[in-house]
Amino acid sequence: MNAWRSGETLEVPMSEQLARTYEEFRAAGAAPVAPRLAATVMLVRSPREVFMLRRAATMAFVPEAVVFPGGGVDPRDADAPCSWIGPDEEEWARRMGTSADVARRVVTAAAREVFEECGVLLAGDERGVCAVDAAQPAWAEERRRLVRHEASFADVLSRHGLALRTDLLGLRSHWLTPAFEPRRYDTYFFAALAPVGQEPDSRTTEADGAGWVDPRLMLERGAAGALRLVPPTAYNLANLAHAPSVEAFAAGVERAGRVMLEPAVRDGGEAVLSCRLP
């Protein structure tokens with residue numbers, strides 16, 4: 001599988017279920033559901049591994065898919081701004097092609113979600129990144145508060161005298177769920193090198209398995225039908241597999257245009273989802 005370069009056409013076969021969803025959407029003449037802002041983080045480490053989770057079968061959105069830690073932007077991500085060290089919201093807005101307000105909420109959500117879902121805290125001070133043992137009772141309690149929406153990420157960082165280290169994140173891509181789907185997300189994908197002294201875990205109710213994996217092996221298993229990979233996940237895995245190094249990959253791209261797959265029909269009559277990559 002190639003790295004799907006800019007300007008190339010990406011085509012993904014539509015499953016029978018997805019084709020039915022599209023036909024029902026067309027027949028109903030309904031307006032597309034407004035997408036929810038979301039963020040996901042690819043934690044990577046040398047020589048070339050990424051941390052992934054398998055979503056629980058009970059999840060409403062892409063159940064049993066193998067994904068990166070992430071989720072929707074929470075109102076608290078805007079209500080209580082975090083202290084930042086690194087590129088500010090204006091710089092992130094330029095890279096993401098959005099407003100400073102949206103950039104702040106999405107970047108905050110990215111750091112919050114990776115802490116909630118796997119216990120990795122992308123925070124510290126001017127001297128460096130903090131060492132966090134997510135198994136310690138104090139940090140386990142902080143995760144519980146976040147998951148139950150009893151605290152904001154800013155609250156957690158403030159209690160420990162920390163700031164969000166935005167310099168640890170690199171922008172990778174920006175994907176919008178197709179217009180006909182009943183659940184839609186406007187998702188920014190980020191990458192980050194796993195901080196020294198922190199080990200991600202699988203203590204989240206949203207997944208039933210997690211661990212470090214080889215991106216090429218995951219792509220091979222996805223192509224063979226041994227596991228479920230949604231197109232944005234496969235796209236980002238392919239780019240990691242072809243990156244010069246995990247360090248270069250984690251540095252991100254200067255800008256990421258939005259990608260949205262749209263229904264199309266191949267010459268042979270096969271229904272696909274297609275788009276031209278920005």
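Each remark here, short or long, concerns the structure printed above.
Nothing here was measured: the structure is a model prediction, and the numbers come from that model.

## Side note on the sheet that holds strand E9 (residues 163-165)
Moving on, step 1. Sheet architecture is open: four strands sit in the order E6-E9-E7-E8, paired in mixed fashion. Because the sheet does not close on itself, it has two edges, and the strands there are strand E6 (84-85) and strand E8 (128-129).
Moving on, step 2. Bridging between E6 and E9 involves two bridges; their strand directions are parallel. Looking at E9, one finds that tryptophan 84 is bridged to leucine 164.

## Structural notes on the nonpolar core
Moving on, step 1. One finds Trp92, Met96, Val106, Leu121, Phe153, Leu169 and Phe190 to be the most contacted residues of the largest nonpolar core, which totals 43 residues.
Moving on, step 2. Secondary-structure elements contributing two or more residues to this core are strand E2 (36-45), strand E3 (49-55), helix H3 (89-96), helix H4 (100-118), helix H5 (137-147), helix H6 (153-159) and strand E11 (185-193).
Moving on, step 3. With ten residues, H4 is the single largest residue contributor to this core.
Moving on, step 4. Apart from residues lying up to four places away in sequence, leucine 121 is in contact with Phe115, Val129, Cys130, Val132, Trp139, Phe153, Leu157, Leu162, Pro195 and Gln198.

## Details of the pairing of E11
Moving on, step 1. Within E11, eight of the nine residues are buried, which leaves it mostly tucked inside the rest of the structure.
Moving on, step 2. One ladder, built from nine bridges, connects E2 with E11; its direction is parallel. Looking across to E11, one finds that alanine 38 is bridged to threonine 187.
Moving on, step 3. Of the strand pairs in this sheet, strand E10 (residues 170-176) and E11 are connected by six bridges, and their pairing is antiparallel. What sits directly across from histidine 174, in E11, is tyrosine 188.

Cut-offs applied
Residues numbered from 1 in each chain as written. Predicted model: local features only at pLDDT ≥ 70, side-chain atom pairs only at ≥ 80, totals over all residues. Heavy atoms only, no water. Pairing = 2+ DSSP bridges. Helix = DSSP H or I, 4+ residues; strand = E, 2+ residues; numbered from the N terminus. Core = buried A, V, L, I, M, F, W, Y, C linked by side-chain atoms within 4.5 Å. Buried < 20%, exposed > 50% of the residue type's maximum accessible area, 1.4 Å probe, protein only. Contact = heavy atoms within 4.5 Å.

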